[in-house]
Amino acid sequence: MRKTLVALAAVAALLNAAERRAITPPAVVPIGPYSPGILTDDFLYVSGQGAKNTEGRIPSDPEGQWRQCFENVKTIVEAAGLTMEHVVYTQAYLTGGSEEGPLDAVWKQYFPKLPPARSVIGVAQLPGTPVEMSAVAVRDLSRKKPVVPPGSPSNSSFSPGVMAGDRLYLSGSFGRDVNTGRIPEDAAAQVDLALDRMEATLKAAGLDFRHMVFVNPYLTAKIPAGVMNRVYAKRFEFGNTPARATIQVTSLPHGANIEFTGVAVADLAKRGVVRPKNMEPSPTASPCVFAGDTLFCSAKSGFIPGVNGGIYASTVETQLRQTMRNLLDGLEEAGMDFSHVVASNVYLDNLDEFAAMNRVYAEYFSKAPPARTTVQQLAPGKREGDAKGRWPTLEQISIIAVK
């Protein structure tokens, strides 16, 4: 009897391991402690792919750079037994104030039909590449369905939203008129306009803001965070908000100053907020939110929560350890640990500290590390402690985990 139980346990362990399988094509060599792709029962998560080919060379022209990005993504997608048609969501990162033109030109070649949702962000620096793209693909292509709200431009190369089973991936919604390109002068009006567009896509899928599980607000320096939060909080129930990673960036396409992108779940019975006991309810972000078996966690920093909270570490390594502790609080509250993490986004104040960050990050993911995208979103900030010994944020990390 005991041998039978041990055998069953071994089979269960193998089946459980198969739910989170690392995808590493032979020619792909990660430059850090991450997997090129992680395949779960339902989705493939692809790490940010830059413009280097297998020989380490980067094309000199923007279209060639994007084409190599797509080829790198395609290599991982096909190694997982899927095609580019299975891709439901991408995030594209630009440096140097680049625009979307070269990206669009290549995009249409790789996504001639059923294009995925997309967000585009201008950042200060990427690790060894001028452009980069991450992706999510659905394993069952029959579950992919584009969502197009009324009034969407007919010539758009990407889908405003994509249903992947009961999960909706939303393209970036900007604080500019989708047809005229007009940007209101008032910051609050820009935020409202972007949220209105997101709401239209949700409505076209039969959903609303209650269904959101994760939101990425990307904003330039022209949108004060306080203004964004005030407008944003009006759209959600206090304490039941989505998880969120709010990132200030160098630029957004077409001169926009605010962009919202994110994920929603169709069945509200599958949505649940996870809040560690040391974190108070918030009008703008929940620590983590379930969408079925998938947990989306807000970006965390080295901030120590509670009384006299703040960041009291002056180095990226020490801040990162506190960040991982904060992330683990959410995972443990959900009955998980770091072995369940399938994807992460790392935001560094200075990419010169990429190696130092990797050394600490690797300690938390010993086997089959998650897919990962790392960016430096702004120019490095000043490194000075205040009168109370608190330091600025040097890194942030958001994660996705699967039970």
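Model, not experiment: these values are computed from the prediction. (Residues numbered from 1 in each chain as written. Predicted model: local features only at pLDDT ≥ 70, side-chain atom pairs only at ≥ 80, totals over all residues. Heavy atoms only, no water.)

Examining the packing of helix α4 (residues 187-204) against helix α5 (residues 225-233)
Link 1 in the chain: As a packed pair, α4 and α5 sit with axes 9 Å apart at the nearest point and diverge in direction by 45°. Viewed along their axes, α4 and α5 adopt a mutual orientation that is oblique. Crossing of α4 over α5 shows right-handed handedness. From α4, Ala187, Ala188, Val191, Asp192 and Leu195 reach across to α5, where they touch Val227, Met228, Val231 and Tyr232.
Link 2 in the chain: Within the contact of α4 with α5, the residues separate by chemical class into eight nonpolar, no polar and one charged. (Axes fitted to C-alpha atoms, helices over the stretch in contact; angles between N-to-C directions. Helix = DSSP H or I, 4+ residues; strand = E, 2+ residues; numbered from the N terminus. Parallel < 35°, antiparallel > 145°, perpendicular 65-115°, else oblique. Left-handed = near helix turned anticlockwise from the far one by under 90°. Contact = heavy atoms within 4.5 Å. Nonpolar A, V, L, I, M, F, W, Y, C, P; charged D, E, K, R; others polar.)

Thoughts on the confidence of the model for the protein
Link 1 in the chain: Here the protein averages 93 in pLDDT, and 95% of its residues register 70 or above.
Link 2 in the chain: Below a pLDDT of 50 lies the segment residues 1-18, which in the model reaches one contact outside its immediate sequence neighbourhood of four places, other chains included. (pLDDT = per-residue confidence, 0-100.)

Thoughts on the packing of aromatic side chains
How two aromatic rings sit relative to each other is set out by the distance from centre to centre and by the angle between their planes.
Link 1 in the chain: A full pass over the atoms with the stated rule returns 14 aromatic pairs.
Link 2 in the chain: Aromatic rings pair up to connect Phe43, Tyr45, Tyr89 and Tyr169 into one cluster.
Link 3 in the chain: Positioned over the ring face of Tyr232 is Arg244, at 4.7 Å from the centre of the ring.
Link 4 in the chain: A cation over a ring is seen here: Arg372 above Tyr361, with NZ or CZ 4.7 Å from the ring centre. (Phe/Tyr/Trp six-rings, centres within 6.5 Å; stacked < 30°, edge-to-face > 60°. Lys NZ or Arg CZ within 6 Å of the ring centre and 35° of its normal.)

Here's the deal with the state of the cysteines
Link 1 in the chain: Applying the stated criterion across every chain, the model contains one disulfide.
Link 2 in the chain: There is a disulfide in this structure between Cys288 and Cys297, and the S-S distance comes to 2.2 Å. Residues Cys288 and Cys297 are joined by a disulfide whose S-S torsion is about 105°; by sign, that bridge is right-handed.
Link 3 in the chain: Look at Cys288 and you get buried, because its relative accessible area is 2%. (Disulfide = S-S within 2.5 Å. Buried < 20%, exposed > 50% of the residue type's maximum accessible area, 1.4 Å probe, protein only.)

Let's talk about α4
Link 1 in the chain: Under the 1.5 Å per step criterion, the end-to-end length of α4 is 26 Å for 18 residues, consistent within 8% with the ideal 26 Å.
Link 2 in the chain: Along α4, the positions that sit buried rather than exposed are Ala187, Ala188, Gln190, Val191, Ala194, Leu195, Arg197, Met198, Thr201 and Leu202.
Link 3 in the chain: Among the residues of α4, the N-terminal cap falls to Asp186, whose side-chain oxygen and the backbone nitrogen of Ala188 are separated by 3.3 Å.
Link 4 in the chain: At the C-terminal side of α4, Gly206 shows a positive phi close to 80°. (Expected span 1.5 Å × (residues − 1). Polar contact = N/O pair within 3.5 Å; in protein donor to acceptor, adjacent residues only side chain to side chain.)

Some points on the pairing of strand β6 (residues 131-138)
Link 1 in the chain: Of all the eight residues making up β6, eight are buried; the element is thus mostly covered by neighbouring parts of the structure.
Link 2 in the chain: Burial along β6 is two-sided: the residues Val131, Met133, Ala135 and Ala137 and Glu132, Ser134, Val136 and Val138 are all buried.
Link 3 in the chain: Pairing between strand β3 (residues 43-49) and β6: five bridges, direction antiparallel. Note that in β6 the partner of Gln49 across the bridge is Met133.
Link 4 in the chain: Looking at chain direction, strand β4 (residues 87-94) and β6 are connected through seven bridges and run antiparallel. Looking across to β6, one finds that Leu94 is bridged to Val131. (Pairing = 2+ DSSP bridges.)

Let's talk about the pattern of salt bridges
Link 1 in the chain: With the rule as written, the count across this model stands at 17 salt bridges.
Link 2 in the chain: A salt bridge links Asp42 to Arg143, with the nearest nitrogen and oxygen atoms 3.8 Å apart. Note that Asp42 is positioned in the loop between β2 (37-39) and β3 and Arg143 in the loop between β6 and β7 (144-147), a separation of 101 residues in sequence.
Link 3 in the chain: Its relative accessible area of 33% is what places Arg143 among the partly exposed residues.
Link 4 in the chain: For Asp192, the salt bridge identified is with Arg235, shortest N-O distance 2.8 Å. Within this pair, whereas Asp192 is found in helix α4, its partner Arg235 is found in the loop between α5 and β11 (243-244), the two being separated by 43 residues in sequence. (Salt bridge = Lys/Arg side-chain N within 4 Å of Asp/Glu carboxyl O.)

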